[in-house]
Amino acid sequence: SPEKVINFSPGPTSLPEAVEKQIAANFQKPGLTSLALSHRSPEFIAILEHAVNTARKVMAIPDDYEVLFTHGGGHGQFAALPLNLCHEPTDTATYVVNGTWSARGCDEAKRYCNVQTIDAQDTKTGNYLSFPELTEEIIDKESKYVYLCSNETVNGIELHRLPKLPESRKHIPLVVDASSDFSTKPIDWHGCGVGVLFACASKNIGHPGLTITIVRKDLLGKASPLCPGVFNYTTNSEAGNLWNTPATFNIEVVGLVMDWIEREGGVEANEQRSIAKAKMLYDVIDNANGFYATPINDKSLRSRMNVPFNIAGGDLALTEQFLIESWEQGLIGLRTLTPFGVGDYLRASIYNGITLKQVTTLAEFMVKFAQKHR
Ligand code: PMP
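Residues numbered from 1 in each chain as written. Predicted model: local features only at pLDDT ≥ 70, side-chain atom pairs only at ≥ 80, totals over all residues.

**Details of the overall build of the protein chain**
A count of helical and extended segments in the protein chain gives nine helices and 14 strands. Relative to the compact-globule value of 21 Å for 374 residues, the protein chain shows a C-alpha radius of gyration of 21 Å, a close match. In terms of its C-alpha atoms, the protein chain occupies a principal-axis envelope of roughly 60 × 60 × 30 Å. Buried residues in the protein chain amount to 47% of all 374 residues. Long-range contacts, defined as pairs at least 24 residues apart, comprise 71% of the intrachain contacts of the protein chain with a sequence gap of at least 6. (Helix = DSSP H or I, 4+ residues; strand = E, 2+ residues; numbered from the N terminus. Rg over C-alpha atoms; globule rule 2.2 N^0.38 Å. Buried ≥ 20, exposed ≤ 12 C-beta atoms within 10 Å, placed from the backbone. Contact = placed C-beta atoms within 7 Å.)

**Observations concerning unusual backbone geometry**
Excluding glycine, a negative phi dihedral is what most residues carry, and trans is how most peptide bonds are arranged. The omega torsion of the bond from G11 to P12 falls at -5°, within 30 degrees of zero and hence cis. Among the secondary structure elements, P12 is positioned in the loop between β1 (6-7) and α1 (17-26). Here the phi dihedral of N241 falls at roughly 70°; this positive angle occurs in a residue that is not glycine. With respect to the helices and strands, N241 occurs in the loop between α5 (233-238) and α6 (248-263). Residue A312 is not a glycine yet carries a positive backbone phi of 45°. Tracing the sequence through the fold places A312 in the loop between β12 (306-311) and α8 (316-328). For A312, a count of 18 C-beta atoms within 10 Å corresponds to the partly exposed category.

**Quick notes on the UniProt feature "binding site: pyridoxal 5'-phosphate" (unreviewed entry) in the protein chain**
UniProt tags W101, T153, D177, N244 and T245 as "binding site: pyridoxal 5'-phosphate" (unreviewed entry). Taking the farthest pair of C-alpha atoms as the criterion, the annotated set spanning 145 residues is dispersed, since that pair is 30.3 Å apart. With respect to the helices and strands, the residue W101 is situated in helix α4 (residues 100-109). You can call W101 buried: it has 22 C-beta atoms within 10 Å. Once residues within four sequence positions are removed from consideration, W101 is found in contact with C149, E152, T153, V154 and D177. (UniProt positions renumbered as here; feature names shortened; annotations may be inferred.)

**Considering the environment of I6**
Its location among the elements puts I6 in strand β1. The class for I6 is buried, based on 22 C-beta atoms found within 10 Å. Sequence spacing of I6 and A25 is 19 residues, and the spatial spacing of their C-alpha atoms is 21 Å. If we ignore the near neighbours within four places in the chain, the residues touching I6 are G330, L331, I332, Q358 and T361.

**Looking at α6**
Here α6 spans 23 Å end to end across 16 residues, near enough to the 22 Å set by a 1.5 Å rise per residue. Along α6, twelve of the 16 residues are buried, which leaves the element largely enclosed by surrounding structure. Those residues of α6 lying buried are T248, N250, I251, E252, V253, V254, G255, L256, V257, M258, W260 and I261. Along its buried surface, α6 packs onto α1, α2 (42-58), β2 (65-70), β10 (211-216) and α7 (266-286). The positive-phi residue at the C-terminal boundary of α6 is G265, with phi of around 110°. (Expected span 1.5 Å × (residues − 1).)

Structure follows, in structure tokens:
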């Protein structure tokens, strides 16, 4: 039955049950919802301010950062970044490529600026399995920014803390794609020299159609003259997120998710929940005597958000069987069809919407399946 469905989709996916109930209740109340309010009405301005202020509070975003709600998803930011931070197409930006999403961001940037790549692709397998050490030799000191993805959603590699650039490169702002891990751990904004951090909403904090983009204010005013207004951080910040019509409902939802995180103990407590959820699945995989395997051997890099695993070395018949039996139990979203050809890994995505109890249901299913089919 639908109540029994547990959604392990990599995104878009379900939000915490309490948030989904609150959204549904809002639609039962008399009056207009945020879908029908003018974005310039005092009612919507209050919703917008609430979303910005709770995000600031929950994620401890310092005052010298602007919180923007941008259009165009993660891909919009792949283009917006070089257009905002590189005034000339000859300016250089440094990209750490250690997974499919950083590769995609890097490819898009090449259209707008000169790109220096730090490529972490494993030469033997062609897979991404690690994160490179960021030394001064590999970062151009004239670079306008150093870009990285803090959780590679497809490959299952996560930086549990952002790195610090070497002393001689500290003047370069760090740019972070936190699309699939934002709100699940604290961020050391000043300590790590974060210049821009963005997250498309549809994994941990909301619905597709909205991206939160947090920009250090000293980086405003540097955009290329070709940067479209809708992507321009300065234009949007000067207009208080109302340069054009923002995704009103999606912004309200981000505020509701931030309220939920705060009620549930804040970002530190949220991180502890993520650690516990991920540990439960990796323990099942590591203790299955090879029946399950996950590609990332370095435990310090294993994603707490997306747990990739295969069955009996990628046995197709068993994988199909696993998908059928799990689906019959209401465990959905484990088959992930990516356009990136990352082999036959299944993936359990365990964002904010998934509880420890729900992860336990999957873990128990995996143990039973292994016993039955080993
Ligand atoms: N970056 C990461 C880390 C992602 O997981 C995704 C979406 N899966 C994107 C960027 C792309 O986001 P969008 O589809 O909103 O453009």
